[in-house]
Amino acid sequence: MTVLHSPAPGHDERSRRGARALLGRLDGPAPWIGLGARLVVGGVWVVAALLKLPDPQGSVQAVRNYQVLPESVVPMLGHLLPAVELALGLLLLLGLLTRQAAVVSAVLLAVFVVAIAQVWARGINTNCGCFGGEGPVAHPQLAYFTEILRDLGLLALSVWLVVRPRTRLALDPVLFPATAVVPDESEEG
Amino acid sequence: MAKKQNTSNERAARAAAALAAQQKAEKRRNLITVVSVVAVLVLVIGGVYVYLTNLDDPADVAAAGAGEGTYGVTIGDDDAPHSLVIYEDFLCPYCGEFESATRTKLEKAANAGNVQIEYRPFNLLSSISDYSERSASAFFVVLDKEGPTVAKKFHDILYENQPSEDSETFPDNQQLLDWAVEAGADEDTVSDGILNESKKAFVAKATTAATDAGVQGTPTVILDGEQVSGSSVDDIAQTVIDTVS
């Protein structure tokens, strides 16, 4: 009667299937697609954050340009967003707390889509500030359209990760191994 | 038979107990891992947030007070109680909005001796059109040749006729010259400078000076040494007018 972390061969199949069912199976193409989704979405978040780090005032101005939030929270949000984006991107790149990070990612992207849509609808001309930078742009409507398309694409990848958080080359299974197996000896008798 | 059944039951019970104990241990371990990861996350987010907040000191905009700049037109008395500096771009729609929201009231306040105002145009929107640069150049030609009164009038006319950023074509130099003449400039005096964009280098210096002062966008409004911020241009305009009127 030993508690095993790596189940001995022979009587592990059913338990392993049970454990896998918790997080989704690791075979087939889905975990590879998940890895790609993690790298793309996580990479975009990290790049977006890093580009804003040298210019916090730009980040604040970008938030302000959306003309939605009261000035009392604009500077705080302008400083907080790059920090959250960086943390979120690192989690996704590492494959750590993948599902939770993907939920936050999807929510943030949905908020961004709504924010861009409302400046578009109100006829305000601003750079989205997505990757730093701010202020008016030459062809705002085209820019808003492509920004919304891009965010929707990233949103779709995030939702994929919410549904299938089990991916290749991730830290989650290392830090949170599937429930280990107690050999069920009654099966032998 | 009965004995075997007992042994089997005991085994099953022991197995169940072991499983429960292990699941409990794993739950605890997973909880500790999650708490550790979240703690690291909070440190990362908090660290970056504090870093950005410190980097974005409002004192970053270290602009000279009204009447002390090299690259602007000043109205109002030197000894007025309030000093207002406005960094702007002739193409920037928010600047146009700010202008139309404040011009009359600010002129009144300046004439009453309540405020000294310096308008500092520079070339922010070079990525959209060269209109920003050409109009600023023309402005500095007029300021140089005709003085602040005509230059301020020219400045006002430029905003009254501000082209949209989406325009296919922007007002040409001849149009700028016509507006300068309308503002009261002598055509022969300013035409060479405006048509040949002779103050382009000066505009570049004005732009560098603005950037060096920490100006990141337009309009940047500095009232008594503090940058005025607001949720909208109208909000900023209101703050300024309430203070100086």
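Rules used in this analysis
Residues numbered from 1 in each chain as written. Chains lettered and ligands numbered in written order. Predicted model: local features only at pLDDT ≥ 70, side-chain atom pairs only at ≥ 80, totals over all residues. Heavy atoms only, no water. Phe/Tyr/Trp six-rings, centres within 6.5 Å; stacked < 30°, edge-to-face > 60°. Lys NZ or Arg CZ within 6 Å of the ring centre and 35° of its normal. Helix = DSSP H or I, 4+ residues; strand = E, 2+ residues; numbered from the N terminus. Expected span 1.5 Å × (residues − 1). Buried < 20%, exposed > 50% of the residue type's maximum accessible area, 1.4 Å probe, protein only. Contact = heavy atoms within 4.5 Å. Buried area = accessible area lost by both parts, 1.4 Å probe. Salt bridge = Lys/Arg side-chain N within 4 Å of Asp/Glu carboxyl O. Polar contact = N/O pair within 3.5 Å; in protein donor to acceptor, adjacent residues only side chain to side chain. Nonpolar A, V, L, I, M, F, W, Y, C, P; charged D, E, K, R; others polar.

Draft legend 1. Just the packing of aromatic side chains, in detail. All names here are of chain B. Throughout the structure, instances matching the rule amount to ten aromatic pairs over all chains. Linked through ring pairs, Y71, F90, F139, F140, Y159 and F202 together constitute an aromatic cluster. We note K199 situated over the ring of F202; from NZ or CZ to the ring centre the distance is 5.3 Å.

Draft legend 2. Looking closely at helix 6 (residues 140-163) of chain A. Residue and element names in this part refer to chain A. Here helix 6 contains 24 residues, and its C-alpha end-to-end distance of 34 Å stays within 8% of the 34 Å for a straight helix at 1.5 Å per residue. Taken as a whole, helix 6 has its buried residues at P140, A143, Y144, E147, I148, D151, L154, L155, S158 and L161. Of the surrounding elements, those touching the buried residues of helix 6 are helix 2 (30-52), helix 4 (74-94) and helix 5 (98-122).

Draft legend 3. Structural view of the interface of chain B and chain A. Counting from both sides, the interface comprises 36 residues of chain B and, opposite them, 42 residues of chain A. Where chain B abuts chain A, roughly 3,500 Å² becomes buried across the two surfaces, and 64% of that area is made up of carbon and sulfur atoms. For the pair chain B and chain A, the number of links is zero salt bridges. Inspection of the region where chain B meets chain A yields one residue pair in polar contact (both at pLDDT 80 or more). Residue assignment for the side of chain B that touches chain A shows that the elements contributing at least two residues are helix 1 (2-55) and helix 2 (93-111) of chain B. If one sorts the elements of the side of chain B that touches chain A by residue count, helix 1 of chain B sits on top with 21 residues. For the side of chain B that touches chain A, the residue count by class is 18 nonpolar, twelve polar and six charged.

Purely spatial values, then, with no claim about function.
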